[in-house]
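# A closer look at the structure
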Amino acid sequence: MRELPKTYDPKAVEDKLYQFWNDSGFFHAEVNPDKKPFTIVIPPPNVTGQLHMGHAFDETLQDILIRTKRMQGYEALWMPGTDHAGIATQIKVEENLREQEGLTRHDLGREKFLERVWAWKEQYGGRIISQLKKLGSSCDWARERFTMDEGCSRAVREVFVNLYNKGLIYKGHRIINWCPHCATALSDAEVEYETQPGKLWHIRYPLSDGSGALVVATTRPETFMGDTGVAVHPDDERYKHLIGKTCILPIIGREIPIFGDEYVDMTFGTGCVKVTPCHDPNDFEMGERHQLEQILVFHEDATVNENGGKYAGLDRYECRKAVIRDLEEGGYLVKTEEHEHNVGTCYRCGTTVEPITSAQWFVKMQPLAAPAMQVVTEGKTRFEPDRFAKTYLRWMENVHDWCISRQLWWGHRIPAFYCDECGEMVVSKEDVQVCPKCGAAHMRQEEDVLDTWFSSALWPFSTLGWPDKTPELDYFYPTSTLVTGYDIIFFWVARMIFSGVEHMGETPFDTVYIHGLVRDAQGRKMSKSLGNGIDPLEIIDQYGADALRFTLATGNSPGNDMRFSDERVQASRNFCNKIWNASRFIQMNLTIDTDKQAALPADLATEDKWIVSKYNTLVREVTRNIDQYELGLAASKLNDFIWDNFCDWYIEIAKTRLQNGDENVQRVLCYVLSGAMQLLHPFMPFITEEIYHALPGTGESIMIEQWPEFTAELDYAADETDFEKLMDYIKAVRNLRAEMGVHPAKRSSMVIETADTAAFRRGGEYLAKFAFATDVTVTEHYDGPTDGMVQAITHSARGFIPMLELIDRDKELARLNKEKAGAEKEIAMFTRQLDNPGFVNKAPAQVVDDIRAKLARAQDKLARIDESIAALG
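What comes next concerns the included structure. This is a predicted model, so every value here is computed, not measured.

## Topic: the packing of aromatic side chains
Applying the stated rule across the entire model yields 36 aromatic pairs. Between W120 and Y124, the ring centres sit 4.5 Å apart and the planes meet at 50°, which makes this aromatic pair tilted. Highlighted residues: W120 and Y124, both in helix α5 (residues 110–124), separated by 4 residues, approximately one helical turn. Overall, the relative accessible area of 15% leaves W120 in the buried class. Relative to W643, the ring of F575 lies with its centre 6.3 Å away and its plane at 20°, an arrangement referred to as stacked.

This is the structure:
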């Protein structure tokens, strides 16, 4: 049994305990036919990233689940690893190269640049792993994976070739999202939309036959050089007679067709739409339907190319200004309107995305989406909370083909090989050196790499050894629970589900537990621009990992954002101190045999039965809450039980018995504290381990103890009810004394009238102590004098206390009358507001409801003040 020091110092124990757990192999899981598996795969953080509050939140929730299941006897595997993070890592290395050496990746060439990226990964790749360990993450580090390690890379090739051979991967010339800053294609999920102020320009397109003109409305005049048609709705009476005719593209002078298409919204703008197939996804679809010419007018850096005529070389926004000026001078600009519209931006850098047509690789999504939707609708994979299943299904119903090629060097290079002699293309799991068609040895591999999410979509099974049929894959797959934020349902969750169903024949996880974002105290998203980011490592350094973890857990409810503040983490630190001081007090007062585990005594007092019964209920509720992913609720119940029931009530009551050398109360204290620490361990692993070793007869580690179980024999409902009657009465007396300003040192006799005389008489010494009584008389009926008596009333008892003996009557009356005047003033003010129809009808409903609630509280306060004045005679 380890002696606890006077104060708890997280820095003195956290690293030491983590090393002990890891070295002891407690995090490691093996294929074990005698146990049921429970598996979580970590959402792999970027290999060169740093721990931020989102990571801390995500990993805390996962660790709570995995530590709980481990204690419940499952073979619990938490699979760790990191993601190569294509764009993010390449940009970081390129920035370093430019700043340190004044070079670009092109100066080095592909091979030498990739050597630099691997060196960067080796230098910084372990940083986030060590930071996860500081948090207390109990991952199976012996199984750590990387999305570009040999096994994961092999799985990527296997999947790519299999899908290609099935016709589910193809290379096509289609419209894609292009980031001019990152210089790469983006999938639809990587585009974030934001409402931006803009303009709607009305431009006149003359009819070719000279009979008039059409007016089109557009938000993007800078693309008009690529217009190859004008679309109207076929049922639009204003324009249907023009379908089949042609018009002239202003300034350029090109003749383009007018056609009918049901896509056109007759109510937007003029009802005429300029169609630019290479620069708008909807225009591309219309162009495909009507065989329109495709004219690309932008380079990859969003400057105008040679198809832009006199605007060639201009940036897209400079081009916009020049085009508007020329249209206005030519008499083609009819009018300009202010217009807010959704603009797509790159999720990585925030640059406005440019839709362009390009030769890219795509996954055909429709055949994959249908079975992936089916596993959710059939309940094989469920979302918690359930509302996110609708979000997932809605996205899958409307999913477009997934653009998977990226114009980067860092990543999984697409396994397609081209013959320079005959042009043959071969897709292969192995590198191809010789052309199978013409026999030439001049084969070159596709330059593009795969979208980072392509490899992370395989994470639940590639990490377990697929495509080999390993014992781990057979035992741990499907995994149990995926814990992730709602912001990557489309990026990652959906892709893992359809990949698992397609390649493994079953869904990758039973449950998707969705959490929200961590926001600041004002509810704002943490960002560099606001300067409101909070470094979790600084919080750990200042308050300890347990305080951070408990703060993140208590603020959490499934699917909802949480607010983080210094005040909340300080409260968690205070909770740590409360537990520590209580544990140390218990340890210092033990006289029982400390080599043996303390079992409950056969003879329990009422207060013993109360705390044991409350603890027993806590076991059931916390277990149920964790099973239902209500981790915040479980944490709050633990906090309330330990702080209020155990520390503030039971330990205080136990002090007198401890002074008398009562061994029974020592055993109850140890039993309940040990059990409470086991329940708290998944949330606060470090302090609970340290306290565990300070208790009698403990084992090797708390994290491999058996999870407490609810026991019907310890459900002392009647005794619990009796004791809480005493608690209610004590609280009523204390509140009354506080209202009347009676000093705790002043005591008086009291008579308690109650039908539950047995329960109150069992209260004995501690009832008098905590109700500040010199002596207590318990009776079924009190008919003695009431003059000068104050009554403490609860649902089960009425106490008569000669409070006038303890206070200065005149001084107390003056204080009460002053309070009464304040309450009456508040009542008058709130009543005036609510009697004013203008206020009630115009103010927000919430404001009016708040005023009504304040009025009710003020009226209740006044009634209590009047009762107190009456009691003083």
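## Quick notes on unusual backbone geometry
In the segment running from E384 into P385, the intervening peptide bond is cis, with an omega of 0°. As for its placement among the helices and strands, P385 is situated in the loop between β15 (382–384) and α11 (387–397). Here the bond from W466 into P467 is cis, since omega is 15°, no more than 30 degrees from zero. Among the structural elements, P467 can be located in the loop between α13 (459–462) and α14 (471–476). With a phi close to 55°, A183 is a non-glycine residue in the positive phi region. For A183, the location among the structural elements is in the loop between β5 (169–179) and β6 (184–186). Even without being glycine, I251 reaches a positive phi, approximately 65°. When you line up the elements, I251 lands in the loop between β10 (246–248) and β11 (255–260). For I251, a relative accessible area of 33% corresponds to the partly exposed category.

## Quick notes on the pattern of salt bridges
Scanning all chains against the criterion turns up 59 salt bridges. The partner of D431 in a salt bridge is R157, with the nearest N and O atoms 2.6 Å apart. One end of the pair, D431, is in the loop between β19 (425–427) and β20 (443–445); the other, R157, is in helix α7 (residues 150–165), and 274 residues separate them in sequence. Three or more residues are tied together by salt bridges with common partners; here these are R220, E222, R316, R320 and E354.

## Some points on the sheet that holds strand β12 (residues 272–275)
Within a sheet, adjacent strands bond to each other through the backbone by hydrogen bonds, running parallel or antiparallel. Ordered in space as β10-β11-β9-β12, the 4 strands form an open sheet in which the pairing is mixed. Each end of this open sheet is capped by a strand with a single partner; those strands are β10 and β12. This sheet shows a mean twist of 30° between the axes of neighbouring strands, independent of strand direction.

Conventions adopted
Residues numbered from 1 in each chain as written. Predicted model: local features only at pLDDT ≥ 70, side-chain atom pairs only at ≥ 80, totals over all residues. Heavy atoms only, no water. Phe/Tyr/Trp six-rings, centres within 6.5 Å; stacked < 30°, edge-to-face > 60°. Helix = DSSP H or I, 4+ residues; strand = E, 2+ residues; numbered from the N terminus. Buried < 20%, exposed > 50% of the residue type's maximum accessible area, 1.4 Å probe, protein only. Salt bridge = Lys/Arg side-chain N within 4 Å of Asp/Glu carboxyl O. Pairing = 2+ DSSP bridges. Axes fitted to C-alpha atoms, helices over the stretch in contact; angles between N-to-C directions.

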